[in-house]
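Close look at the chain arrangement
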Amino acid sequence: MITKIARILREGIYGVIRHRAMSLSSSSAVTMTLMIVSVFLILSVNIRLIVDTIESSVQIHAKIEVGTNFEQIRSVREEIENLPGVKSVTFSDKDSELNAFIEAYGDQGDLFKMYVGDKNPLRDAFLIETTSGESIENVATIVAKIDHIEKVNYGGTGTLLLMDSMESIKTGTLIVMGALGLLAILLITNTIDTTINARSDELFIMRTVGASNGFIRWPFIIEGMIIGMIGSLIPIILTVIGYIYLYNMLDGYLFTRIFALVPIVPFVPLLAAILLLLGVVVGMLGSFISVTRKLWWTR
Amino acid sequence: MLEFNDVGKQYKNGFNALYNVNLKIKQGEFVYVIGPTGSGKSTLMKLINAEETPTSGRVILDDVDIGALKSRQIPKHRQSLGVVFQDYRLLPAKTVFENIYFALEVINIEKTKARKRVREVLELVGLADKANSYPSQLSGGQQQRAAIARAIANQPKLLIADEPTGNLDPQMSKEIIHLLGKINKEEETTIIMVTHDEKVVDFYKKRTIILEDGHIVADLVEGGYRSHDH
Ligand SMILES: Nc1ncnc2c1ncn2[C@@H]1O[C@H](COP(=O)(O)OP(=O)(O)O)[C@@H](O)[C@H]1O
Ligand SMILES: [Mg+2]
């Protein structure tokens, strides 16, 4: 068993070294694909984060009628909490509402400080977060009909449109990600196929000498893994250096303080691990597929 | 040990390469198969190493019906066989030593024993000093001797050689025939050698089977005729 594994590893490594030119061309196919994958992953993960930030910043603001007592407020809150699509409900009394108002106006907020206390014209309110952008409209309509709710506000159709486009961005990135993964496997299988095609004589000779398919296949699989590993090195290095540089240069934010970039840790190590794994798995699959296909036609 | 019983072979494109071949080869024999190009000599060899299956009749090696072997049983069958081709078929990325060692690894021979056997056969074919060369660094004759060394490394009961001297000059051809004769004697290996070079056959006289258009037209035992139907 140990001798068998030792042989497979040895033959796999020899295979890479002794077919240097071919190994290099296969590796560079892996390198190119993984570069694209890496750039896309960085973009999509950051876009997702920004989309999530925007989505969660949109809330339904439901004003409560004046004179509603504690008991009633509690039962209304429970009712809202039990609605489908509601993530959280926060009660905000009129004093904190005013504070939020003052803060939102920044420097000019001081003008409203005169309303602090008994003269506060605002209402107590619920701040409702929904599980997704899509459910905002629904939840808002239902909440508006609940007793003791005076008025519901969520930014109107502009917000809804924004939410819609956010959702399509999310599905869009998912689709592109899937397509890219497929493309990676296709491209790499194709390259490895070419190199193994050039070596189909070898497979044939091995068969003639009495080697079984398993005996022949395993070293090639190891070879594919090594090639994938080598091919992932440059993308990993560039990704790590590139992202850390970008993150530091932008100070961790895109355009404004609201849009934070995904923090370096654990994102970058994770990305490096994903690229390595992708390289190895794809190299292995590519090898496996093309060798198996070749052996299939060899008696 | 080897028997062809009424063997016919028709290729998928409809071409009939062999008709009603009947043949018996005994343990320890040295047999030539000769005939013009396209007469079916290679087809005959391919039936023995299970590269092709007969369309009628049976090829039997020590009670094994070769044509009936399943794909996954073929490696085992080939491990009991030595095969030599006109174009050597050495693995280009392996040294001579590794090429021969590969054939022993396939049958799972213990490491020190395998290394010893590789040196032994290299000695036998006179390539001991080329053990670490790659095939591309050797002459045709040397490559063919390496291929023969690989074929006999696992002590096969039967060695088949399809035009092993086809790419070699007369001097080298003689050396190869000498070598095969030596293997036949010293290792007691049964040998079937295909050639269309009648000089070779004259130079080292052995039983000779003549093929023409897929028929066995003669089976001569070292100069004398043996019975044949066509
Ligand atoms: N795979 C094949 N498909 C179709 N015809 C073949 C195939 N292999 C050989 N033949 C034909 O069978 C005949 C015998 O071929 P072969 O056994 O190679 O002859 P030889 O080795 O005596 O030159 C030839 O006419 C050849 O064209
Ligand atoms: Mg031939």
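Residues numbered from 1 in each chain as written. Chains lettered and ligands numbered in written order. Predicted model: local features only at pLDDT ≥ 70, side-chain atom pairs only at ≥ 80, totals over all residues. Heavy atoms only, no water.

Considerations on the sheet that holds strand β5 (residues 64-65) of chain B
All names here are of chain B. The strand order β2-β1-β4-β5 describes an open sheet built from four strands, whose pairing is antiparallel. Looking along the sheet, the strands with just one partner apiece sit at the ends: β2 (16-25) and β5. Relative to β5, strand β4 (residues 56-61) is paired through two bridges, and the arrangement is antiparallel. Bridging from a neighbouring strand, I60 pairs with D65 of β5. (Pairing = 2+ DSSP bridges. Helix = DSSP H or I, 4+ residues; strand = E, 2+ residues; numbered from the N terminus.)

Some words on the nonpolar core
Note that soluble globular proteins tend to have their nonpolar side chains buried in a common cluster. By size, the foremost hydrophobic cluster in this structure holds 43 residues, and its most contacted members are Y32, I100, L122, I148, L180 and M193 of chain B. In terms of residue count, helix α5 (residues 140-153) of chain B provides more of this core than any other element does, seven residues in total. Not counting the four nearest positions on each side in its chain, L122 of chain B is found in contact with V96, F97, I100, L127, A128 and A131 of chain B. The next biggest cluster of nonpolar side chains, apart from the first, holds 36 residues, and it includes I205, M206, F220 and Y243 of chain A. (Core = buried A, V, L, I, M, F, W, Y, C linked by side-chain atoms within 4.5 Å. Buried < 20%, exposed > 50% of the residue type's maximum accessible area, 1.4 Å probe, protein only. Contact = heavy atoms within 4.5 Å.)

Here we look at empty space enclosed by the protein
In this structure the tally under the stated criterion is three cavities of 30 Å³ or more. Here the largest cavity is characterised by a volume of approximately 190 Å³. Lining the largest cavity are 18 residues, with E11, R199, E202 and M206 of chain A together with K94 of chain B sitting closest to its centre. Contributions of two or more residues to the lining of the largest cavity are made by α1 (2-18), α7 (200-208) and α8 (213-249) of chain A. Split into classes, the residues belonging to the lining of the largest cavity amount to nine nonpolar, two polar and seven charged. (1 Å grid on protein atoms, 1.4 Å probe; cavity = no way out; pocket = protein on both sides within 12 Å on 5 of 7 lines; lining within 4 Å. Points joined across faces, edges and corners; volume = space filled by probe spheres on them. Nonpolar A, V, L, I, M, F, W, Y, C, P; charged D, E, K, R; others polar.)

With respect to the site of ligand 1
All names here are of chain B. Taken together, Y11, N13, F15, A17, P36, T37, G38, S39, G40, K41, S42 and T43 form the complete shell of residues around ligand 1. Within the backbone of S39, one N or O atom sits 3.3 Å away from an oxygen atom of ligand 1. K41 is positioned with one of its backbone polar atoms (N or O) 2.9 Å from an oxygen atom of ligand 1. Compared with its free state, where it exposes 560 Å², ligand 1 has 67% of that area covered by protein. With three residues, helix α1 (residues 41-48) is the single largest residue contributor to the shell around ligand 1. Partitioned by chemical class, the residues of the shell around ligand 1 number four nonpolar, seven polar and one charged. (Near = heavy atom within 4 Å. Polar contact = N/O pair within 3.5 Å; in protein donor to acceptor, adjacent residues only side chain to side chain. Areas by Shrake-Rupley, 256 points an atom, 1.4 Å probe, with all protein chains shown as cover.)

Topic: the interface of chain A and chain B
Residue-level contacts link 19 residues of chain A with 28 residues of chain B. The three residues of chain A that bury the most area against chain B are R18, V209 and R299 of chain A, which together make up 33% of that side's buried surface. For the interface between chain A and chain B, the tally reads three salt bridges. In this structure, the salt-bridge partner of E98 of chain B is R18 of chain A, at a minimum N-O distance of 2.5 Å. At the surface where chain A touches chain B, the tally comes to seven residue pairs in polar contact (both at pLDDT 80 or more). Counted by class, the side of chain A that touches chain B contains seven nonpolar, four polar and eight charged residues. (Buried area = accessible area lost by both parts, 1.4 Å probe. Salt bridge = Lys/Arg side-chain N within 4 Å of Asp/Glu carboxyl O.)

Observations concerning the pairing of strand β1 (residues 2-10) of chain B
In regular strands, side chains alternate between the two faces of the sheet. All names here are of chain B. Sheet topology places β1 next to β4; five bridges connect them, and they run antiparallel. Residue pairing across strands places N5 opposite R58, the latter belonging to β4. Inspection of the sheet shows β1 paired to β2 by six bridges, in the antiparallel sense. Bridge assignment links E3 to a residue of β2, and that residue is K24. Hairpin connection between β1 and β2: a loop of five residues separates the two successive antiparallel strands, and G14 in this loop has a positive phi of roughly 95°.

Brief notes about helix α4 (residues 111-125) of chain B
Residues and elements named next belong to chain B. Taking 1.5 Å of rise per residue, the 15 residues of α4 would be expected to cover 21 Å, and the 21 Å separating its terminal C-alpha atoms lies within 8% of that figure. Inspection of α4 places A114, R117, V118, V121, L122, L124 and V125 among the buried residues, and these make up the whole buried set. End-on view of α4: buried residues confined to an arc of 155°, all on one side of the axis. Relative to its buried face, α4 has exposed residues pointing more than 90 degrees away, namely T112, K116 and E123. Turning to α4, the residues buried within the fold contact α3 (96-106), α5 and α6 (170-186). Directly beyond the C-terminal end of α4, a positive phi value near 75° is found at G126. (Expected span 1.5 Å × (residues − 1). Arc of directions from axis to C-beta.)

A short note on α6 of chain B
What sets the pattern is the α-helix's 3.6 residues per turn: residues three or four places apart point alike. Residues and elements named next belong to chain B. If you check α6, its first and last C-alpha atoms are 24 Å apart, about what 17 residues at 1.5 Å a residue would give, namely 24 Å. The inward-facing, buried residues of α6 abut β3 (30-34), α4, α5, β7 (158-162), β8 (190-195) and α7 (198-203). Positive backbone phi, approximately 55°, marks E188, located one or two places after α6.

Let's talk about the pattern of salt bridges
Residues and elements named next belong to chain B. Under the counting rule described, the total for this entry stands at 18 salt bridges over all chains. The closest approach of N and O atoms between K157 and D62, which form a salt bridge, is 3.2 Å. One end of the pair, K157, is in the loop between α5 and β7; the other, D62, is in the loop between β4 and β5, with 95 residues separating them in the sequence. Residue classification places K157 among the partly exposed positions, given a relative accessible area of 30%.

Considering the domain arrangement of chain A
Examined at the domain level, chain A breaks down into domain 1 (2-54 + 162-297) and domain 2 (59-154). A straight line from the C-alpha centre of domain 1 of chain A to that of domain 2 of chain A covers 50 Å. (Domains from an automatic or database assignment.)

Brief notes about the packing of aromatic side chains
Tallying each qualifying case throughout the model produces seven aromatic pairs over all chains. Look at F91 of chain A and F126 of chain A: their rings are 5.8 Å apart centre to centre, the planes differ by 65°, and that puts the pair in the edge-to-face class. Placement of F91 of chain A in strand β2 (residues 86-92) and of F126 of chain A in strand β3 (residues 125-130) is noted, with a sequence separation of 35 residues between them. Consider the rings of Y243 of chain A and Y247 of chain A, whose centres lie 6.2 Å apart with planes at 35°: the pair is tilted. With Y243 of chain A and Y247 of chain A both in helix α8, this residue pair falls four residues apart, about one helical turn. For the pair formed by Y243 of chain A and Y247 of chain A, the shared burial category is buried. Of the aromatic side chains, those joined through ring pairs into one cluster are Y243, Y247 and F267 of chain A. Across from the ring centre of Y101 of chain B, 5.8 Å away, lies the NZ or CZ of R115 of chain B, which sits over that ring. (Phe/Tyr/Trp six-rings, centres within 6.5 Å; stacked < 30°, edge-to-face > 60°. Lys NZ or Arg CZ within 6 Å of the ring centre and 35° of its normal.)

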